[in-house]
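Read off the chains here:
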Amino acid sequence: MKTLVFQLLTLVFCSAFIFPSCRKNAALAGSDTVLSGDSVYFAKGFRIETRDNYTLLTVRNPWKPERELQRFVLVPRADTLPKSLPQGILIRTPLRRTVSFGSVQCGFMAGLDVLTTLVGVCEPEYINIPFVRNGVRDGKIANVGQAANPDMERIMFVEPDALFTAPIEESGTGQITALGIPAVECVDYMESSPLGRAEWIRFFALFFEKRNSADSLFAQTVNNYKALQDLTAQIEIRPTVFSETIYGGLWYLPGGNSYMAHFFRDAGADYLWKENTQTGSVALSFEAVLEKAEKADCWLIKYNAPNELTLRELEKDFPNYALFDAYKKGNVYACNTGKTTYYEDLPVHPDYILKDLVGVFHPEVLPGYRPKYYRKIGKE
């Protein structure tokens, strides 16, 4: 395996201009990552500053990088509240009662073993975690409605200490602000790399006083991910790939600097929109996608449905899909996010997702591996 020390230090120095004070106290030994102090290694979206009697947690605005999105002042419940504190949203830790607005936030909480704090969730039908689904079914966890339009009365009724939301651009928290409940705006999805997004478990951990557990889990994830990268690093023949389908008349593809584009690269594939500089999605017409991806080797699709997708159903939905070589040759791979834990695993375990993608693009380097998320779809 390549020396992880060099790789991590390179990332530290290259990203130091964003939050310089975050890049300290890195203790790295050989190929095993050891995290320490307030250092942030891959993520660009948050900064940790530990003081004598509180922790200052700052979230960078991903749409206006020169600005802060939020600042939290975390004070342990067991401690006396200091007389002098910096400006920010005061939260006493650990949180005891929480509401999550999505499956990703629940995934982070599952990784930290703090799902028992959940008293409410938005859109539980899209959260494929048994503890959450059983809790909603049994009335122990409230269904507080849609993430875009939550039920304020239900949120007030369950009396959470904090809400974990995922804002779309600078939409803010709207009516939630009026409730007087701290809303943590989770912008992990705006990270440009899978490991950058995964490091947000260290952000979440501070609200639950689980720093050591998060550091240990993330360090293991880094090692696993780097080991998989090494398997494809020297591969010269890289299959070309594109992804997703048309929605509402437009084709939304991952930007060339998105975490999905990094996944494709790290798995040994040649993503056709790798030159694009966006970290979010790119909206294109069908014609624009066909022009570039008609001869692509592989096509990857994510969908949520009770039935498994087939090539015939894909063509029935939009006949022109059959124009792509990947369709003609049967090289279409689909992930049913309603039946797999893809979105729940994605933020905490990008190494799981990467292993699946390596298995799709280069099965020869993972003999005997059976994909967990993606499957090659058939005609029927």
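The model shown is predicted, which means the values in this text are computed figures rather than measured ones. (Residues numbered from 1 in each chain as written. Predicted model: local features only at pLDDT ≥ 70, side-chain atom pairs only at ≥ 80, totals over all residues. Heavy atoms only, no water.)

**Q** Requested: an account of the overall build of the protein, with residues and values cited.
**A** Per the secondary structure count, the protein includes 14 helices and 21 strands. For the protein, with 380 residues in total, the buried portion stands at 53%. A sequence separation of at least 24 residues applies to 59% of the contacts in the protein between residues at least 6 apart. (Helix = DSSP H or I, 4+ residues; strand = E, 2+ residues; numbered from the N terminus. Buried < 20%, exposed > 50% of the residue type's maximum accessible area, 1.4 Å probe, protein only. Contact = heavy atoms within 4.5 Å.)

**Q** Account for the sheet that holds strand S19 (residues 298-303), with residues named and values stated.
**A** Whether parallel or antiparallel, the strands of a sheet pair through hydrogen bonds between backbone atoms. The 5 strands are arranged S17-S14-S19-S20-S21 in an open sheet whose pairing can be described as mixed. The open sheet has two free edges, formed respectively by strand S17 (270-271) and strand S21 (374-376), since each of these has just one partner strand. As paired elements, strand S14 (residues 240-243) and S17 share 2 bridges and run parallel to each other. The residue of S17 that forms the bridge with Val 241 is Tyr 271. Helix H14 (residues 350-361) contacts S14, S19, strand S20 (332-336) and S21 of the sheet and is inclined by roughly 145° relative to S19. (Pairing = 2+ DSSP bridges. Axes fitted to C-alpha atoms, helices over the stretch in contact; angles between N-to-C directions.)

**Q** Requested: an account of the packing of aromatic side chains, with residues and values cited.
**A** Enumeration according to the criterion identifies 30 aromatic pairs in this entry. Note on Phe 164 and Phe 208: the rings are 6.0 Å apart at their centroids and 25° apart in plane angle, and the pair reads as stacked. Taken together, the positions of Phe 164 in strand S12 (residues 162-165) and Phe 208 in helix H7 (residues 200-208) put the pair 44 residues apart, joining distant regions of the chain. By the burial criterion, Phe 164 is buried, and Phe 208 matches it. Taking the centre distance of 6.2 Å and the plane angle of 85° together, the rings of Tyr 342 and Tyr 374 count as edge-to-face. Of this pair, Tyr 342 sits in helix H13 (residues 342-345) while Tyr 374 sits in strand S21; the two residues are 32 residues apart in sequence, bridging distant segments of the chain. Considered together, Tyr 342 and Tyr 374 belong to a single accessibility category, that of buried residues. (Phe/Tyr/Trp six-rings, centres within 6.5 Å; stacked < 30°, edge-to-face > 60°.)

**Q** Could you give me a rundown of the nonpolar core, with the residues and numbers involved?
**A** Among the nonpolar cores identified, the biggest contains 97 residues, and Phe 207, Phe 242, Trp 299 and Phe 324 are the most heavily contacted of them. Per element, the largest residue contribution to this core is 8 residues, and it comes from H7. Membership of the second largest hydrophobic core comes to 12 residues, among which are Phe 101, Val 119, Val 144 and Ile 181. (Core = buried A, V, L, I, M, F, W, Y, C linked by side-chain atoms within 4.5 Å.)

**Q** So what about the side chain of Glu 199? Which residues, and what values?
**A** Tracing the chain through its elements places Glu 199 in the loop between helix H6 (194-198) and H7. Among the polar contacts made by the side chain of Glu 199, one reaches the side chain of Arg 202 at a distance of 2.7 Å. Those residues in contact with Glu 199 that sit more than four places away from it in its chain are Ser 39, Val 40, Tyr 41, Phe 42, Ala 43, Phe 46 and Phe 218. (Polar contact = N/O pair within 3.5 Å; in protein donor to acceptor, adjacent residues only side chain to side chain.)

**Q** Hey, could you go over the side chain of Arg 47 for me, with residue numbers and the actual values?
**A** Residue position: Arg 47 is located in strand S3 (residues 46-50). Note on Arg 47: relative accessible area 17%, which makes it buried. A polar contact of 3.0 Å, which involves the side chain of Arg 47, links it to the side chain of Glu 49.

**Q** Residues and numbers for the sheet that holds strand S13 (residues 183-185), please.
**A** Reading across the sheet, the 5 strands line up as S9-S8-S7-S12-S13 and stay open at both edges, with parallel pairing between neighbours. Strands with a single pairing partner mark the edges of an open sheet, and in this sheet they are strand S9 (142-143) and S13. As defined by bridge partners, strand S7 (residues 98-100) adjoins strand S8 (residues 118-121) across 3 bridges and the pair is classed as parallel. Across the sheet, residue Val 99 finds its bridge partner in S8, namely Gly 120. Against the sheet, H7 engages S7, S12 and S13, with an angle of about 170° to S12.

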